[in-house]
Amino acid sequence: MILINLLPHREVKRAQKKRAFFVGLGGSFVAGLIIAGVWFSVLQQMTTAQTSRNDSLKAEIARLDTQIKDIATLRQDIEALTARQRAVENLQTDRNVPVYLLNELTKQTPEGVYLTSINQSGQTVAIKGIAQTNERVSELLRNTFYNSPWLEKPELIEIKATNQGAGRDARRLFEFSMRVSIKRAQPAAATPAAAPVATPAAAAAKSS
């Protein structure tokens, strides 16, 4: 007996394939949505974690900025205190400069030279005087240049001959003006300079 299938089997197979295609497409779409959702959730967590790290970094940067400002303020305070200390030390040093200056000029001025004017401006001293000869002035310059621990850079500004007195008592003298610089006081140099001043007082105390 011969059976003949009169049903449209090709259309049925085509419909089955189409249904299977749409089912697969729907499954792929759902799977894509699930993957996208999972990936979005992961990105959201990563974004949240990164935002938290950024906030933590911003807070740390703000704290460091505050510390830097405090350090800068502290450094300014230290520099100000150092400047004040240096100023006080300079004042204490410069307080004794006139004593050392007069003592040093007394030691370095040779015989036959008379100082008539001493004017100090900062570390520079302008000196005017009268000398019996040019050689006496040269000796004063040499003494202040080579022999003085307190004076340096002597410079002769002017020297001129002048007559002092009248008649038989007239004498030929030399008026001069010079500049000299004062060295900063040093402990090693200060001790010998202060010794001649302290010694008479000590001797007087012993004698009494």
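To start, this report covers the structure provided alongside it.

## Re a positive patch on the surface
A cluster of like positive charges, contributed by Arg10, Lys13, Arg14, Lys17 and Lys18, occupies part of the molecular surface. The topology assignment puts Lys17 in helix α1 (residues 9–95).

## Quick word on the sheet that holds strand β2 (residues 124–131)
With antiparallel pairing, 4 strands are arranged side by side in an open sheet as β1-β2-β4-β3. The sheet terminates laterally at β1 (113–121) and β3 (151–164), the two strands that pair on one side only. The sheet shows a mean angle of 15° between the axes of neighbouring strands, taken without regard to direction. Bridge count for β3 against strand β4 (residues 171–182) is 11 bridges, and the pairing is antiparallel. Across the sheet, Gln164 pairs through a bridge with Arg171, a residue of β4. Contacting β1, β2, β3 and β4, helix α2 (residues 97–108) runs over the sheet at an angle of about 155° to β1. Running at roughly 170° to β3, helix α3 (residues 134–147) makes contact with β1, β2, β3 and β4 of the sheet.

## Some points on unusual backbone geometry
The residue Lys153 is not glycine, and still its phi comes out positive at about 50°. Relative to the helices and strands, Lys153 resides in strand β3. On the basis of relative accessible area, Lys153 is assigned to the exposed category, the value being 59%.

## Focus on the pattern of salt bridges
In this structure the tally under the stated criterion is 4 salt bridges. One salt bridge in this structure joins Lys107 and Glu104, with 3.6 Å as the shortest N-O distance. Of this pair, Lys107 and Glu104 both sit in helix α2, 3 residues apart, which is roughly one turn of that helix. For Lys107, a relative accessible area of 49% puts it in the partly exposed group. The shortest N-O distance in the salt bridge between Arg136 and Glu139 comes to 3.9 Å. Pair noted here: Arg136 and Glu139 are both in helix α3, with a separation of 3 residues, about one helical turn.

## Some thoughts on a nonpolar patch on the surface
Together, Phe29, Val30, Leu33, Ile34, Val38, Trp39, Val42, Leu43 and Met46 give the surface a local cluster of nonpolar side chains, amounting to about 880 Å² of exposed area. Tracing the sequence through the fold places Val42 in helix α1.

Rules behind the numbers
Residues numbered from 1 in each chain as written. Predicted model: local features only at pLDDT ≥ 70, side-chain atom pairs only at ≥ 80, totals over all residues. Heavy atoms only, no water. Patch = residues over 30% accessible without salt bridge, like charges linked within 9 Å, V, L, I, M, F, W, Y side chains within 5 Å. Areas by Shrake-Rupley, 256 points an atom, 1.4 Å probe, with all protein chains shown as cover. Salt bridge = Lys/Arg side-chain N within 4 Å of Asp/Glu carboxyl O. Lys, Arg positive; Asp, Glu negative; His and termini not counted. Charge placed at Lys NZ, Arg CZ, Asp CG, Glu CD. Helix = DSSP H or I, 4+ residues; strand = E, 2+ residues; numbered from the N terminus. Pairing = 2+ DSSP bridges. Axes fitted to C-alpha atoms, helices over the stretch in contact; angles between N-to-C directions. Contact = heavy atoms within 4.5 Å. Buried < 20%, exposed > 50% of the residue type's maximum accessible area, 1.4 Å probe, protein only.

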